[in-house]
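Residue strings, one per chain:
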Amino acid sequence: MQRNRITLALLTIAISGIVSCKSNKSGIAIPKDASVAVQVSTSSLTSKVSWEEIKQNEWFKKLYNEETDSLGKKIMENPASTGIDLKADLAFFIKKQNQGGYMAFEGGVQDAAAFEAFTTKVNKGGKVVKEGDVNVLATGLKSLVAWTNSRFIYIMDMPMATASARLNNSNPGSYEPFSFKTDSLQKFAVELFDLKGSDNLANDDRFAALTKEAGDIHYWVNAAQYDNALGGYLSMLKLNVLFEGNAYGATISFDNGKITMKSKSWYNKELKELMKKYAGGKVSEATINRIPSKNVVAAFAFKYPPEGLRDLIKLLGVDGLVNSFFSGVGYSTDEFIKANNGDMLIAVTDFEMKSRSITMEGPDGKPMTIEGGAPSPNANVLVATSVNDKPAFDKLFGILQSKAQEFQPYTKDIHFKLNNEWFAAGNSPEQVTSFLSGGNNNFEFTKRISGKAFGGYINIQQLLKTATAAATDSSAKAALDASINMWQDVYMISGGEENGAYTAEGEINLVDKNTNSLKQLNKYLDTITKIVSPKRNPYDAQVNLKYSDPAALSLAALEPALH
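Here is what the cut-offs are and how they apply
Residues numbered from 1 in each chain as written. Predicted model: local features only at pLDDT ≥ 70, side-chain atom pairs only at ≥ 80, totals over all residues. Heavy atoms only, no water. Helix = DSSP H or I, 4+ residues; strand = E, 2+ residues; numbered from the N terminus. Buried < 20%, exposed > 50% of the residue type's maximum accessible area, 1.4 Å probe, protein only. Contact = heavy atoms within 4.5 Å. Areas by Shrake-Rupley, 256 points an atom, 1.4 Å probe, with all protein chains shown as cover. Pairing = 2+ DSSP bridges. Salt bridge = Lys/Arg side-chain N within 4 Å of Asp/Glu carboxyl O. Core = buried A, V, L, I, M, F, W, Y, C linked by side-chain atoms within 4.5 Å.

Peer 1: Explain the overall build of the protein to me, please; I cannot follow it from the model alone.
Peer 2: Within the protein, the regular secondary structure consists of 22 helices and 21 strands. Relative to its 563 residues, the protein shows a buried fraction of 46%. Put simply, of all contacts in the protein between residues at least 6 apart along the chain, 71% involve residues at least 24 apart. With an accessible surface of roughly 27,800 Å², the protein has 55% of that area assigned to carbon and sulfur atoms.

As structure tokens, then:
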């Protein structure tokens, strides 16, 4: 139960750290081979939302009122009482270590004496041991807190099963991943306090480039570590090229009226050469504007080089499998590449909440139709791809028609047609025909998602308004109304190559353009909690019967807000 109090404290510290007013680098140490790392830059979150504003939220008040432990209340009133430096950056990471793995949360210490008093109090009976200038206190059999005068690290065991270990086990069904105890975790924690510069992720040029991007949160994934976890089995098919040497990162910013994410991807030599060779494709405005309905709730468009597929499947070592698949249906990889021109469009339109009829066998053995029922989502979905060589696509079209017949009734609602320029398929025959006839609807979102190799758009407002019109429950309608006043739409585009990394951008737009999105999220969370919490009281009562630890009760009270 003591770990729950630590969890509550760290949750409070994390939130308050995000809303701190200044930044003071605390020597964050992240191993360069961490699988996942998240760094919160508190300086970029200056004045976006205050702790006092958070304390006014319904979920916080409920959490506070149900907290019976005086220390828990003190932490919630003033997180600085823990001795943690709320102006220093925070970091979280996961690392595979030999046969197992661990996760760590770290930050700065403002007052070492206060931090020790806080840590020992929530772990009654725990003993602080010293290893050099590092203090260590076990918080469980597989977790501990270590700290110095300037930094703290909360570290816990995180077993990571490897494919090779599982397959080599004589009884895979009884296999359990290797687990670290506190003696090993203590060794890892102490090493982190003295991590060499060459072993620190901060000295990886790619991660350094990521963290130079202005933003609130930086997220990092080392793909090579996933390849290691699979024990080299991917190399048998050369699929390791998708992981080895590759890394991905993103910067998240809470700006006025929107939440933005800018991502960077770094690829190994083989993938980079392939991407450079076939770069330059751009989605055209004409392709997007062919969508035959004005009521578009989502659209995704791609421009890819078909001839690049041949090099990719060879690089991955799956050309034999692909060729075998195509030959099995009387086709070939070369014919597929020849048939396609590389434009692809997916559109979701005319979204509605619709009552459905169900046809089933009646008592007399004859079909019986039941009308009505609760409205469920319904929309038209269209998929289209451009044609390069008509004879080659005619052959593919014939194969699709024969396969569609084989998989009836699953394909009975799918309609597809082909002309000299496009192949289109969808659940609306009228839309399929209309798309092939051509058109130019001049959508407002077209310019935002065209001109790149990929573009995407989602109309959140339309989805929410349609769902609200069909809502009958008062609480559901109130929550949907609050969401309509909050969310507007989403845009996604690829950005191409820039300084050795391939970039992409995503943007979630809010209705209020003048207030920073973090402040808006805080208010929205409070509004939704006020609506949802009364509905969850029976559940909360069950939780209260199950748990007796005050911090556990507090976390249970927080759950409606998290939902």
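Peer 1: Hey, could you run me through the pairing of strand β21 (residues 501-510) in this one?
Peer 2: Two faces belong to every sheet, and in a regular strand the side chains alternate between them. For β21, the tally of buried residues reaches 7 of 10 residues, placing the bulk of the element in the interior. The pairing of strand β20 (residues 487-498) with β21 spans 10 bridges and is antiparallel. Across the sheet, the residue bridging to I493 is E505, located in β21.

Peer 1: Looking at this structure, how should I read the pattern of salt bridges?
Peer 2: Between side chains of opposite charge, pairing is possible as soon as their charged atoms come close. Applying the stated criterion across every chain yields a total of 19 salt bridges. The partner of K277 in a salt bridge is D311, and the shortest N-O contact between them spans 3.1 Å. Within this pair, whereas K277 is found in helix α10 (residues 269-277), its partner D311 is found in helix α12 (residues 306-315), the two being separated by 34 residues in sequence. As a salt-bridge pair, E285 and K447 come within 3.5 Å of each other at their nearest N and O atoms. You can see E285 sitting in helix α11 (residues 285-289) and its partner K447 sitting in helix α17 (residues 446-449), a full 162 residues away along the chain. Among the charged side chains, a salt-bridge network with shared partners connects K258, R448 and E507.

Peer 1: Looking at this model, I keep getting lost on the nonpolar core. Mind explaining?
Peer 2: Buried together is how nonpolar side chains tend to be arranged in soluble globular proteins. F115, F152 and W487 are the most contacted members of the largest nonpolar core, which has 43 residues in total. With residues near it in sequence (within four places) discarded, F115 still touches T82, G83, I84, V109, V145, W147 and F152.

Peer 1: Sorry if this is basic, but what is going on with unusual backbone geometry here?
Peer 2: Negative phi values dominate among residues other than glycine, just as trans dominates among peptide bonds. Within the chain, D350 stands out as a residue other than glycine whose phi angle is a positive 55°. Relative to the assigned elements, D350 resides in strand β13 (residues 340-354).

Bear in mind that shape data such as this cannot, by itself, settle questions of function.
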